[in-house]
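Understanding the architecture of this molecule
Here's the letter readout for the chains.
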Amino acid sequence: MFHHWSLVIICIPDKEDEVGPIILHLDSLGLHYSRPIFDHIRSYLKEEWKYLNQESDSADLPIADRIWKHLPRRIEDKVIAVPQQKNDYDCGLFVLFFMERFIEEAPERLKKKDLAMFGKEWFKPEEASGLRVKIRNLLMEELNASANS
């Protein structure tokens, strides 16, 4: 059986932006159907919304009141074009690399206009595959450090 990893990122806007969250799906092989993934995440967000509506004061929430009241209808989704892996075993490395690059490069509160940072040319696939060596080296350093202490 073939297993594959892809990444979903939920972007929560600034309260002042008066927009809803954006769900991003990044898939380095394009194997996963995004629609069911978006539907599951949207379902989770709706349940969380119902719970928080009962438990929280809207002033404590990170989303504008006007958006919060109609949140289930204000959630957007976007399939993100990303560099593609060149084999069938680097998907985990690509997910880690997507996370690393997103954390380093994305603004704290991603907006629709910021989606231009992504694309098939976002990075070279070899950079993601190169994480294997970086992770191995980190593990070896930790192993050596623990053996020497």
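Residues numbered from 1 in each chain as written. Predicted model: local features only at pLDDT ≥ 70, side-chain atom pairs only at ≥ 80, totals over all residues. Heavy atoms only, no water.

1. Considerations on the overall build of the protein chain
Keep this limit in mind: Runs of E in the DSSP output that reach at least two residues are strands. Runs of H or I that reach at least four are helices, and both are numbered from the N terminus. In this description the radius of gyration comes from C-alpha coordinates, and the expected globular size is given by 2.2 Å times residues to the power 0.38. In what follows, a contact means two residues having at least one pair of non-hydrogen atoms within 4.5 Å.
Helix and strand counts for the protein chain come out as six helices and three strands. Relative to a compact globule of 149 residues, whose C-alpha radius of gyration would be 15 Å, the protein chain shows 19 Å and is clearly more extended. Each principal axis of the C-alpha atoms in the protein chain carries an extent, and together these give about 55 × 40 × 35 Å. A separation threshold of at least 6 residues defines the contact pool for the protein chain, and within that pool the share at least 24 residues apart is 71%.

2. Regarding the sheet that holds strand 3 (residues 76-80)
Rule in force here: Two strands form a pair only when DSSP identifies at least two bridges running between them. Note on definitions: angles span 0 to 180 degrees between N-to-C directions of axes, and those axes are lines fitted to C-alpha atoms, for helices only across the stretch in contact.
The three strands lie next to each other as 1-2-3, forming an open sheet whose pairing is mixed. Looking at the sheet topology across the chains shown, the edges are occupied by strand 1 (7-11) and strand 3. Across the sheet, the mean angle separating the axes of adjacent strands is 20° when strand polarity is ignored. In this sheet, strand 2 (residues 22-26) lies alongside strand 1 in antiparallel orientation, the contact comprising five bridges. By the bridge assignment, Val8 is partnered in strand 2 with His25. Contacts from helix 1 (residues 34-55) reach strand 1, strand 2 and strand 3, with the element oriented near 145° to strand 2. Against the sheet, helix 4 (residues 91-105) makes contact with strand 1 and strand 2, and its axis sits at roughly 25° relative to strand 1, the strand it touches most.

3. A short note on the packing of aromatic side chains
To be explicit about the condition: Two aromatic rings from Phe, Tyr or Trp, using only the six-membered ring of Trp, form a pair when their centres are within 6.5 Å; if the ring planes differ by under 30 degrees the pair is stacked, by over 60 it is edge-to-face, and anything between is tilted. Three labels apply to residues, based on accessible area from a 1.4 Å probe with only protein chains included: buried if under 20% of the type maximum, exposed if over 50%, partly exposed otherwise in between.
Under the counting rule described, the total for this entry stands at eight aromatic pairs. Seen from their ring centres, Phe98 and Phe123 are 6.0 Å apart, and the 55° between their planes marks the pair as tilted. One end of the pair, Phe98, is in helix 4; the other, Phe123, is in the loop between helix 4 and helix 5 (125-129), and 25 residues separate them in sequence. For the pair Phe98 and Phe123, a shared accessibility class is recorded, and that class is buried. Seen in terms of ring centroids, Phe118 and Trp122 are 4.8 Å apart; in terms of plane orientation they differ by 80°. Their pairing is edge-to-face. You can call Trp122 buried: its relative accessible area is 8%. Here the aromatic cluster, defined as three or more aromatic residues joined through ring pairs, consists of Phe94, Phe97, Phe98, Phe102, Phe118, Trp122 and Phe123.

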